Amino acid sequence: MKCTRCDKAEIIIERKHSGQRLCIECFILSIQKKVLKDIRKQKLIEKGDRVAVALSGGKDSVTVLDILNSLYERKIIDLMAITIDEGIQGYRDEAIQIAAKHAQQLGIKHRIVSFKECFNLSLDEIMASDPSRGACTYCGVLRRWIINKTAREMGATKIVTGHNLDDETQSILMNYLEGNIDNLTRIGARTFPASDNFVVKIKPLREIPEKEVGIYVLARNLEAHFAGCPYSRDSFRAEIAQIVKDLSKNHPTIMYSTLRGFDKIKIALKKEYSPGFNLKNCINCGEPSAQKLCRACLFCREIEKHIHRNKFNANY
Amino acid sequence: MQFTLINGEKKETKPLKKNLTIKKLLDEIETPLETVVVKKNGEIVIEEEIIQDEDIIEVIHIIYGG
Ligand SMILES: [Zn+2]
Ligand SMILES: [Zn+2]
């Protein structure tokens, strides 16, 4: 067995969807080239962009930071990183340290912002209050609020997230199966925000399978946090992830075709379902919002009520 | 004939059967191939790789939660 590109004997991956076998050097190059090509082709980043990576310290964000660093070194973009501390005991601390190390090594600006300092609630406290929604719902909304605000304050023109092909396929299926067409129209390689106060978000790893991101991190010897979030286990996303992984065994192109098909119907979907809401500013925090209260503030009020009720019940 | 298996935190020495591939090993330890990357003596290898006497096999879990 030889590398299909350079004939080297030691191969580290066989791509079932294309039949390609690659050695370590050719694999690393193929990922870097593919990501940079997708960025160019879809105009995700332009020269002079100030790019903020949402850097969790996990394999996906570490990979995207590593690849974007080549644009930073060539002075095509400015690069910075934002890490969110959700407040998950025994899980987050190691990842935050890894994120800080990477930012330091590249010599880029890095801000670590916690749920606690923004909302006076950690995710652990939110989940201990026995709330009505799942952890991923709270976490997603609060995280997006912080990332957008922090990126704007840092002067970023783009926010980069590490979403990979598996994540994107799961999102498409989840929203389709739940009939959540509004959310479906927002899935894509970049956002088109309705307000200048929303920074454009891009997903350069959107066409890279999760497993290949993992191989990339190990092949490049990049330090990354591999542990799973203790709250993600029972989510609907985890169930969908399992179904897609099972399907992929006998149908190795299934994630690619799901994404391709979706990107085609999305054009029609957006025409039919342009939400056309007016964005105003949240009366509590001032961030852009479709309702009087933004979702982050709405959730925080909901949880505070829960905590009060729990205290009351405990006392009487 | 034996090999060392490092799986997450666990490290053990196992007897080596003839023509044991990474794929067969993962089946035996009930670890789905699509959630791990395997290193043989420090180098990433593919699932068809055959384990040799005294090899050190490291199973690195890269995907969690489904
Ligand atoms: Zn090669
Ligand atoms: Zn608000």
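Above this text is the structure in question.
Residues numbered from 1 in each chain as written. Chains lettered and ligands numbered in written order. Predicted model: local features only at pLDDT ≥ 70, side-chain atom pairs only at ≥ 80, totals over all residues. Heavy atoms only, no water.

S.K.: Would you explain the overall build of chain A in this entry?
M.R.: The number of helices and strands found in chain A is 12 helices and 9 strands. For chain A, the C-alpha radius of gyration of 20 Å lies close to 20 Å, the compact-globule estimate for 316 residues. Of the contacts formed within chain A by residues at least 6 apart in sequence, a portion of 69% connects residues at least 24 apart. Carbon and sulfur atoms form 51% of the exposed surface of chain A, whose accessible area is close to 16200 Å². (Helix = DSSP H or I, 4+ residues; strand = E, 2+ residues; numbered from the N terminus. Rg over C-alpha atoms; globule rule 2.2 N^0.38 Å. Contact = heavy atoms within 4.5 Å. Areas by Shrake-Rupley, 256 points an atom, 1.4 Å probe, with all protein chains shown as cover.)

S.K.: Explain the coordination of the zinc ion (ligand 2) here, please?
M.R.: Reference values for angles at a metal are 109.5 degrees in the four-donor tetrahedral case and 90 or 180 degrees in the six-donor octahedral case. All names here are of chain A. The coordination sphere of the zinc ion (ligand 2), as far as protein atoms go, consists of Cys282 (SG), Cys285 (SG), Cys294 (SG) and Cys297 (SG), spread over 2.2 to 2.3 Å. Taken together, the 4 donor atoms coordinating the zinc ion (ligand 2) and their angles of 107 to 115° define a geometry best described as tetrahedral. Classification of cysteine 282 by relative accessible area gives buried; the value is 4%. (Donors = N, O, S within 2.8 Å, 3.2 Å for Na, K, Ca; no water. Tetrahedral: all angles 85-135°; square planar, octahedral: opposite > 155°, others 65-115°. Buried < 20%, exposed > 50% of the residue type's maximum accessible area, 1.4 Å probe, protein only.)

S.K.: Would you explain helix α3 (residues 92-106) of chain A in this entry?
M.R.: A turn of α-helix holds 3.6 residues, and therefore any two residues three or four places apart point the same way. Here α3 of chain A is 15 residues long and its end C-alpha atoms lie 22 Å apart, about the 21 Å a rise of 1.5 Å per residue gives. Just downstream of α3 of chain A lies glycine 107 of chain A, where phi reads positive at about 70°. (Expected span 1.5 Å × (residues − 1).)

S.K.: Mind showing me how you'd approach the coordination of the zinc ion (ligand 1) here?
M.R.: Residue and element names in this part refer to chain A. The protein atoms that coordinate the zinc ion (ligand 1) are Cys3 (SG), Cys6 (SG), Cys23 (SG) and Cys26 (SG), at distances of 2.3 Å. In this structure, the zinc ion (ligand 1) is surrounded by 4 donor atoms whose angles at the metal cover 102 to 117°, and the resulting shape is tetrahedral. One chain supplies every donor to the zinc ion (ligand 1), and in sequence these donors are spaced C-x2-C-x16-C-x2-C. Taken together, the residues span a long stretch of sequence, with cysteine 6 in the segment before β1 (11-14) and cysteine 23 in strand β2 (residues 21-23) at a distance of 17 residues. Cysteine 23 sits in the buried class, given a relative accessible area of 1%.

S.K.: Which parts of the structure should I look at to understand the layout of surface pockets?
M.R.: Remark: the empty space left among the atoms is shown by a probe the size of a water molecule rolled over them. For the second largest pocket, the calculated volume is near 770 Å³. Where the lining of the second largest pocket is concerned, the elements lending two or more residues are β1, α9 (210-219), α10 (236-250) and α11 (254-272) of chain A together with α1 (22-28), β3 (36-40) and β4 (43-45) of chain B. Top element by residues in the lining of the second largest pocket is α9 of chain A. It accounts for 4 residues. Here the residues of the lining of the second largest pocket are counted per class, giving 17 nonpolar, 2 polar and 13 charged. (1 Å grid on protein atoms, 1.4 Å probe; cavity = no way out; pocket = protein on both sides within 12 Å on 5 of 7 lines; lining within 4 Å. Points joined across faces, edges and corners; volume = space filled by probe spheres on them. Nonpolar A, V, L, I, M, F, W, Y, C, P; charged D, E, K, R; others polar.)

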